[in-house]
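Chain by chain, the residues run as shown.
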Amino acid sequence: MAELRDELKGQGYALRNNASFLNVDVLETLKKIMEQNTDYYQSDFRYDAEKLREAAADRNAERRFFWMSRSGGTWCFTESEVYTRRTSQHNTWNFYGAGNKSEHVKTFWIDLKGMRDETVMGDIVELDYQKHLDYLCTHSFEPSAVEIVFKHPNDVRTFSYQEYDQNFQSIAQRYGTVQRVSFLVADPYELSRAAALAHGLFWEAAEPMDVDTYAKRLEHDRLHDYGYTADDLMLTGPLDAEKAVTNGLSCYALYPDNSKELIHGREDYQKRHFKGALFGMTVEERSTLQYFKQDCTPLFTTEEMREICALAVQAGMENDPDRSHLLDKIIHKVECMLPQEEQGYAPEQENEYNREDLL
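Residues numbered from 1 in each chain as written. Predicted model: local features only at pLDDT ≥ 70, side-chain atom pairs only at ≥ 80, totals over all residues. Heavy atoms only, no water.

Check the secondary structure of the protein and you find 15 helices and 13 strands. Looking at the protein residue by residue over its 359 residues, the buried ones come to 41%. In the protein, the share of contacts with a sequence separation of at least 24, taken over all contacts with a separation of at least 6, comes to 68%. Of the accessible surface of the protein, which amounts to about 20,600 Å², a share of 48% is contributed by carbon and sulfur atoms. (Helix = DSSP H or I, 4+ residues; strand = E, 2+ residues; numbered from the N terminus. Buried < 20%, exposed > 50% of the residue type's maximum accessible area, 1.4 Å probe, protein only. Contact = heavy atoms within 4.5 Å. Areas by Shrake-Rupley, 256 points an atom, 1.4 Å probe, with all protein chains shown as cover.)

Structure follows, in structure tokens:
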């Protein structure tokens, strides 16, 4: 692979390495990737974060994980689970390799270093997902036993895999509620060795990168793969696009022929979404959208917002070209933040003016 890479570079090909994030805040880094790449069920990440935080805080816990971000959620599994056949984790990890291009799957290997104050620290390496699936075909292992932790009483018992597979229901009835299940292989050393060999493959194809740069690369690739190459709008997930349209922000439907259309209302959004369009917003509108994504009390009351709008309109009557753009932005934001029935409001004394004429 290294020789092929050098040969292609010599022929002028610009090969792109996978990204690596070294000694970083693991949860913050994964969250930024998730927010850029996962359109639905972003709440899955809460479970991933809890699992990684618990592992980082426990000296005896497994520290190496595989993490997946896809269009419809995220997955986080321990390394040993993915390398053990017949587990739901192994099966799930392999599932998305069967031509699920619409899921735009991104996969990562995580090496936790522990906690720094309240922060989960570690290294993260982007994977070539398909190559890792190929590796698993010849480097995964059958389970030989199953270790089960029961909740009441706090008891740990080990069963052969065959007994577990055939009698799980009766085991639970006999020993109580199952809290955790761990699959064991006959030769754990061989599993560890296979995993360690894969680490070298991960790092060989990786280069250090800032996560914000990587997020922009994800956005660029997704838009360009789709066919929209204008680079004038920021990619916006469907849930954010719906929230933007609902709150009166400008949001566009994007198409593979490099065209775009402004969305007019929620019904228009649903029609475009049903047809599979991607969505985009300007940098300014995306910034304003962050306000509506926060669960917080507005800084100004409705009456105060109306007064701000009136003052901005009044100031616009001065016809100062240096201030017109700023005033237009203020009025637009105020209108979006007013209740729906208040949007489009103009003070009675200014009703005879058109806002565009004033500014």
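There is more to say, and it comes next.
This brings us to the sheet that holds strand E1 (residues 18-25). To summarise the sheet geometry, strands pair through backbone hydrogen bonds and adopt either a parallel or an antiparallel arrangement. Across the sheet, which stays open at both edges, the six strands sit in the order E3-E2-E4-E5-E1-E9 with mixed pairing between neighbours. The strands lining the two open edges of the sheet, one partner per strand, are strand E3 (73-78) and strand E9 (206-208). Pairwise comparison of adjacent strand axes, ignoring direction, gives a mean angle of 30 degrees for this sheet. Two strands pair when backbone bridges link them, and strand E4 (residues 106-116) and strand E5 (residues 119-126) are joined in this way by eight bridges, in the antiparallel orientation. Counterpart to Arg 116 in the pairing with E5 is Thr 119. Packed onto the sheet, helix H2 (residues 26-37) meets E1, strand E2 (64-70), E3, E4 and E5 and runs at close to 140 degrees relative to E1. (Pairing = 2+ DSSP bridges. Axes fitted to C-alpha atoms, helices over the stretch in contact; angles between N-to-C directions.)

Here we take up the sheet that holds strand E10 (residues 234-236). Strands sit in the order E10-E13-E11-E12 across an open sheet of four strands; the sheet is antiparallel. Each of the sheet's edge strands pairs with one partner strand only, and the pair in question is E10 and strand E12 (260-262). Averaged over all pairs of adjacent strands, the angle between their axes in this sheet comes to 40 degrees, without regard to strand direction. On the sheet, helix H11 (residues 265-274) packs against strand E11 (252-254), E12 and strand E13 (278-281) and is oriented at approximately 130 degrees with respect to E13.

This part is about the side chain of Gln 89. Relative to the helices and strands, Gln 89 is located in helix H5 (residues 88-95). There is a polar contact of 3.3 Å between the side chain of Gln 89 and the side chain of Ser 88. (Polar contact = N/O pair within 3.5 Å; in protein donor to acceptor, adjacent residues only side chain to side chain.)

With that settled, consider helix H3 (residues 44-57). Under the 1.5 Å per step criterion, the end-to-end length of H3 is 21 Å for 14 residues, consistent within 8% with the ideal 20 Å. Looking only at H3, the buried set comprises Phe 45, Asp 48, Ala 49, Leu 52, Ala 55 and Ala 56. Down the axis of H3, the buried set is contained in an arc of 135 degrees. They therefore lie on one face. In H3, those exposed residues whose orientation departs by more than 90 degrees from the buried face are Arg 46, Tyr 47, Glu 54 and Ala 57. Buried residues in H3 make contact with H2, E2, E3, E4 and E5. (Expected span 1.5 Å × (residues − 1). Arc of directions from axis to C-beta.)

Another aspect to go through is unusual backbone geometry. Despite not being glycine, Asn 23 shows a phi value in the positive range, around 50 degrees. Note on placement: Asn 23 falls in strand E1. Looking at Asn 23, the relative accessible area reads 46%, which means it is partly exposed.

Moving on, we get to the packing of aromatic side chains. Counted according to the given criterion, the structure contains 19 aromatic pairs. Where Phe 108 meets Tyr 214, the ring centres are 6.0 Å apart and the plane angle is 80 degrees; that geometry is what we call edge-to-face. Placement of Phe 108 in strand E4 and of Tyr 214 in helix H9 (residues 211-226) is noted, with a sequence separation of 106 residues between them. A network of ring pairs unites the aromatic residues Phe 66, Tyr 83, Trp 93, Trp 109, Tyr 129, Phe 202 and Trp 203 as a single cluster. A cation over an aromatic ring shows up here: Lys 260 above the ring of Tyr 252, its NZ or CZ 5.2 Å from the ring centre. (Phe/Tyr/Trp six-rings, centres within 6.5 Å; stacked < 30°, edge-to-face > 60°. Lys NZ or Arg CZ within 6 Å of the ring centre and 35° of its normal.)

Along its 16 residues, H9 runs 22 Å from first to last C-alpha, staying within 8% of the 22 Å computed at 1.5 Å per residue. Of all the residues in H9, the buried ones are Val 211, Tyr 214, Ala 215, Arg 217, Leu 218, Glu 219, Arg 222 and Leu 223. In this structure Asp 210 caps H9, since a side-chain oxygen of it lies 2.9 Å from the backbone nitrogen of Asp 212. Of the residues trailing H9, Gly 227 is marked for its positive phi of about 120 degrees.

This part is about the pattern of salt bridges. Pairs can form between side chains of opposite charge once their charged atoms are near each other. Evaluation of the coordinates by the stated rule reveals 14 salt bridges. Measuring nitrogen to oxygen at the nearest pair gives 2.7 Å for the salt bridge that ties Arg 222 to Asp 39. Placement of Arg 222 in helix H9 and of Asp 39 in the loop between H2 and H3 is noted, with a sequence separation of 183 residues between them. Judged by relative accessible area, Arg 222 falls into the buried class, the value being 18%. Notably, a salt bridge pairs Arg 64 with Asp 111, separated by 3.5 Å at the nearest N-O pair. (Salt bridge = Lys/Arg side-chain N within 4 Å of Asp/Glu carboxyl O.)

As judged from the six bridges shared by E2 and E4, these two strands associate in the antiparallel manner. Note on E4: the bridge partner recorded for Ser 69 is Lys 106. Between E4 and E5, which pair antiparallel and follow one another directly, the connecting turn spans two residues, one of which, Asp 117, has a positive phi of 60 degrees.

Turning our attention to the environment of Glu 190. As for its position among the elements, Glu 190 is in helix H8 (residues 188-204). Measuring from C-alpha to C-alpha, the distance between Glu 190 and Phe 141 comes to 8.8 Å, with 49 residues separating the pair along the chain.

Our next topic: the side chain of Glu 219. Tracing the backbone shows Glu 219 in helix H9. Although Glu 219 lies buried, it forms no salt bridge, and the closest oppositely charged side chain, Arg 286, sits 4.9 Å away as judged by the N-O distance. Here the side chain of Glu 219 touches Leu 235 through a polar contact of 2.5 Å, landing on its backbone nitrogen. Not counting the four nearest positions on each side in its chain, Glu 219 is found in contact with Gln 36, Leu 233, Met 234 and Leu 235. (Lys, Arg positive; Asp, Glu negative; His and termini not counted.)

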